[in-house]
Amino acid sequence: MSLPLERIPTPKSERFKYTNLPRTLKGLDLKPASLGWGNKIAVLEPKAPGAEQYRDTELWAINAENVSDIRFISGDDEIDVNAKDGQFICPRIVIDVKDNQTVTVVERQGGAGAYWKNTVVQVTIGKNATLRHYRICDEAEKGVSTIFTHVKIGRDSTYEAFCLTTGAGTIRNQTHGELTGENAHCWLSGVNLLSSAQLADTTITIEHQAPHCTSKQTFKSVLKDQAHGVFQGKVHVHQVAQKADGYQLSNALILSPEAQMDTKPELEIYADDVKCSHGATTGRLDEEPLFYMRARGIPESVARALLIQSFCGQAVESISDESMHEVVTGKIEQWLQSRI
Amino acid sequence: MIKIKQLKAEIDGREILKGLDLEIQPGKVHAIMGPNGAGKSTLSYVLAGREEYEVTGGDIEMNGESILEMAPEERAGKGLFLAFQYPVEIPGVQMTTFMKTAVNSVRKARGLSELDAIDFLKLMKSKCKELGISDEMMKRAVNVGFSGGEKKRNEVLQMAMLEPKFCVLDETDSGLDIDALKIVADGVNKMRGGDRSFLVITHYQRLLDYIKPDAVHVLAGGKIVKTGGPELAHELEEKGYADIVGAAA
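Residues numbered from 1 in each chain as written. Chains lettered and ligands numbered in written order. Predicted model: local features only at pLDDT ≥ 70, side-chain atom pairs only at ≥ 80, totals over all residues. Heavy atoms only, no water.

### A few points about the packing of helix α5 (residues 300–316) of chain A against helix α6 (residues 322–339) of chain A
Residues and elements named next belong to chain A.
So, step 1. The N-to-C vectors of α5 and α6 enclose an angle of 150 degrees; their axes lie 11 Å apart at closest approach. In this view, α5 runs roughly antiparallel relative to α6, as classed from their interaxial angle. Our pair here, α5 against α6, has a crossing hand that is right-handed. Only H325, V328, T329, I332, E333 and L336 of α6 make contact with α5, whose side of the interface consists of A305, I308, Q309, C312 and V316.
So, step 2. Per-class residue counts for the contact of α5 with α6 are 7 nonpolar, 3 polar and 1 charged. (Axes fitted to C-alpha atoms, helices over the stretch in contact; angles between N-to-C directions. Helix = DSSP H or I, 4+ residues; strand = E, 2+ residues; numbered from the N terminus. Parallel < 35°, antiparallel > 145°, perpendicular 65-115°, else oblique. Left-handed = near helix turned anticlockwise from the far one by under 90°. Contact = heavy atoms within 4.5 Å. Nonpolar A, V, L, I, M, F, W, Y, C, P; charged D, E, K, R; others polar.)

Quick look at the structure:
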């Protein structure tokens with residue numbers, strides 16, 4: 001079986017405008033494979049939630065038709081999704097957080113050689129519960145990783161997600177969050193550190209479907225060489241969702257003239273009593289602080305690294321788990337040491 | 001210690017320094033005074049190695065070695081320190097991290113072993129105490145939310161921590177009330193002595209009441225137009241720059 005190339009969305013579709021998946025995948029010689037988790041349990045939702053309304057869920061459908069592995073998670077867990085050279089895999093991770101539970105899931109995405117991982121992460125959070133979902137992406141240069149995360153967040157519950165990318169070929173990180181109960185919170189943040197010809201696409205839709213919900217998106221991209229960052233964030237406040245608080249921030253730091261950042265914030269608001277803000281910046285490293293630090297004897301590369309680290313700080317700070325905070329800080333330091 | 005010879009420098013194609021000569025012996029404090037636009041800040045930036053300024057002629061020697069080709073961090077390693085007129089805010093970088101990185105960078109450049117966290121904190125605490133700087137300030141981001149006085153005190157703290165041989169103070173008195181000015185001047189005076197030299201750049205004579213210079217120079221039109229003892233500062237204060245600059249031109 002070859003790849004379902006004709007099914008993969010092209011840049012003609014609005015939500016894939018900046019990421020040309022068919023072109024990237026066409027040259028790869030891949031065969032269906034599995035991670036060995038097993039896929040005999042039939043609980044798939046063949047149609048992605050929100051499919052009709054947003055028409056951006058083709059990757060979910062491809063996963064449902066080709067699912068290679070299924071894993072259930074209902075408590076603290078760590079999970080590795082590692083592809084090998086030549087593999088096309090469609091893992092499905094189902095996370096179910098029951099009422100009054102606090103769960104931390106660490107997901108490590110990686111691989112070697114050329115591959116396509118088309119992962120779906122399906123999350124349901126009950127009432128008065130919290131899921132902390134931390135994702136670390138360190139993909140191979142020729143690896144394509146598309147992840148579709150769908151989250152349903154119940155009353156008085158919180159979904160806190162952080163994604164760090166330190167290595168990529170082509171990454172599409174798509175999240176669809178539904179705030180279904182009152183006083184529910186969807187807090188997404190991430191840091192993408194990209195060099196050479198890497199691409200990381202962060203595409204988000206958050207639906208406020210109930211009153212008094214908050215959503216936050218805080219994303220930082222650091223782009224070197226010919227790296228390409230994409231951020232598309234949509235906040236959709238339904239008419240019932242009064243007192244919604246939606247916040248969105250995407251900052252990109254461009255370290256070379258060939259690097260590129262595409263940012264598209266979108267607000268769709270149908271309620272009249274809401275607070276929504278968004279900010280997007282793309283710029284270079286400030287010369288003033290750089291000179292100040294160098295005048296104090298700090299070598300230029302060290303000064304740059306410190307400034308970049310502080311640039312990422314605002315996103316990293318949103319990680320409430322202390323040990324994960326440390327892991328992420330360490331990984332950012334490592335990346336800076338080897339590349340700046 | 002420092003020898004500036006026929007220094008010419010420009011920014012954006014505009015010549016600011018037009019053949020400046022100045023020599024400071026080890027252990028001496030020299031003041032440069034001058035009207036706005038004379039080239040005072042340009043001189044301090046050129047000394048520190050800011051890349052936007054292009055040196056088009058002359059030389060700067062520190063201990064017999066030209067520093068013109070050196071990067072700012074190399075100059076700092078060699079013992080040059082610039083106290084900024086407008087200290088830069090660096091959100092997200094904690095003072096302690098910044099200071100420790102700076103201290104260990106210059107120690108490395110000087111062939112000294114790096115300080116570990118404990119020795120560094122001891123050093124910082126003792127210097128903070130000397131200058132009346134609270135520990136709480138060291139937990140904040142570099143200069144972020146600092147008052148004008150705190151920023152200048154912070155410059156002096158950095159100077160004390162980095163133990164330079166040649167200090168340039170660029171309008172350290174600007175924006176300071178008299179109490180803050182005294183604290184800053186005290187900090188500087190404590191560092192005088194031995195071989196350490198100072199170049200105090202200022203618009204007003206007031207600072208020189210607290211930091212007594214060995215010599216005073218008048219900078220105008222990109223050149224030193226007059227040199228004298230401390231009394232020259234008072235003369236300038238009384239008569240203004242117009243007389244002296246006018247007479248020299």
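### Considerations on the environment of A:I73
Residue and element names in this part refer to chain A.
So, step 1. Along the chain, I73 turns up in strand β2 (residues 69–73).
So, step 2. Through-space distance from the C-alpha of I73 to that of V97 is 8.3 Å; in sequence the pair is 24 residues apart.
So, step 3. For I73, the residues in contact, after removing those within four places along its chain, are I79, I93, V94, I95, D96 and V105.

### Details of the interface of chain A and chain B
You'll often see interface size given as the accessible area lost when the parts meet.
So, step 1. Contacts between chain A and chain B engage 16 residues on the former and 31 residues on the latter.
So, step 2. At the boundary of chain A with chain B, total buried surface from both sides reaches about 1,900 Å², with 66% on carbon and sulfur atoms.
So, step 3. For the chain A face of the interface with chain B, the top three residues by lost area are A:F291, A:Y292 and A:R296, together amounting to 42%.
So, step 4. The interface formed by chain A and chain B holds 4 salt bridges in total.
So, step 5. Going through the elements one at a time, α4 (287–295) and α5 of chain A are the ones with two or more residues in the side of chain A that touches chain B.
So, step 6. Grouping the amino acids of the side of chain A that touches chain B by side-chain chemistry returns 10 nonpolar, 2 polar and 4 charged. (Buried area = accessible area lost by both parts, 1.4 Å probe. Salt bridge = Lys/Arg side-chain N within 4 Å of Asp/Glu carboxyl O.)

### Here's the deal with the sheet that holds strand β10 (residues 197–202) of chain B
All names here are of chain B.
So, step 1. Spatial ordering of the open sheet is given by β6-β9-β10-β3-β11-β12, a layout of 6 strands whose pairing is mixed. With partners counted over all chains shown, the strands left at the sheet margins are β6 (80–83) and β12 (223–228), one partner each. Going from strand to strand, the sheet's axes swing by 20 degrees on average, the running direction of each strand aside.
So, step 2. Bridging between β6 and strand β9 (residues 166–170) involves 4 bridges; their strand directions are parallel. Each bridged residue has a counterpart across the sheet, and for L80 the counterpart in β9 is F166. (Pairing = 2+ DSSP bridges.)

### Some details on empty space enclosed by the protein
Residues and elements named next belong to chain A.
So, step 1. Taken as a whole and judged by the stated rule, the model has 4 cavities of 30 Å³ or more.
So, step 2. Elements represented by at least two residues in the lining of the largest cavity include exactly β8 (130–138), β10 (158–167), β11 (170–179), β12 (185–194) and β13 (199–208).
So, step 3. For the lining of the largest cavity, the element with the highest residue contribution is β10, accounting for 5 residues.
So, step 4. Per-class residue counts for the lining of the largest cavity are 7 nonpolar, 9 polar and 1 charged.
So, step 5. In this structure, the second largest cavity occupies an estimated 70 Å³ of space. (1 Å grid on protein atoms, 1.4 Å probe; cavity = no way out; pocket = protein on both sides within 12 Å on 5 of 7 lines; lining within 4 Å. Points joined across faces, edges and corners; volume = space filled by probe spheres on them.)

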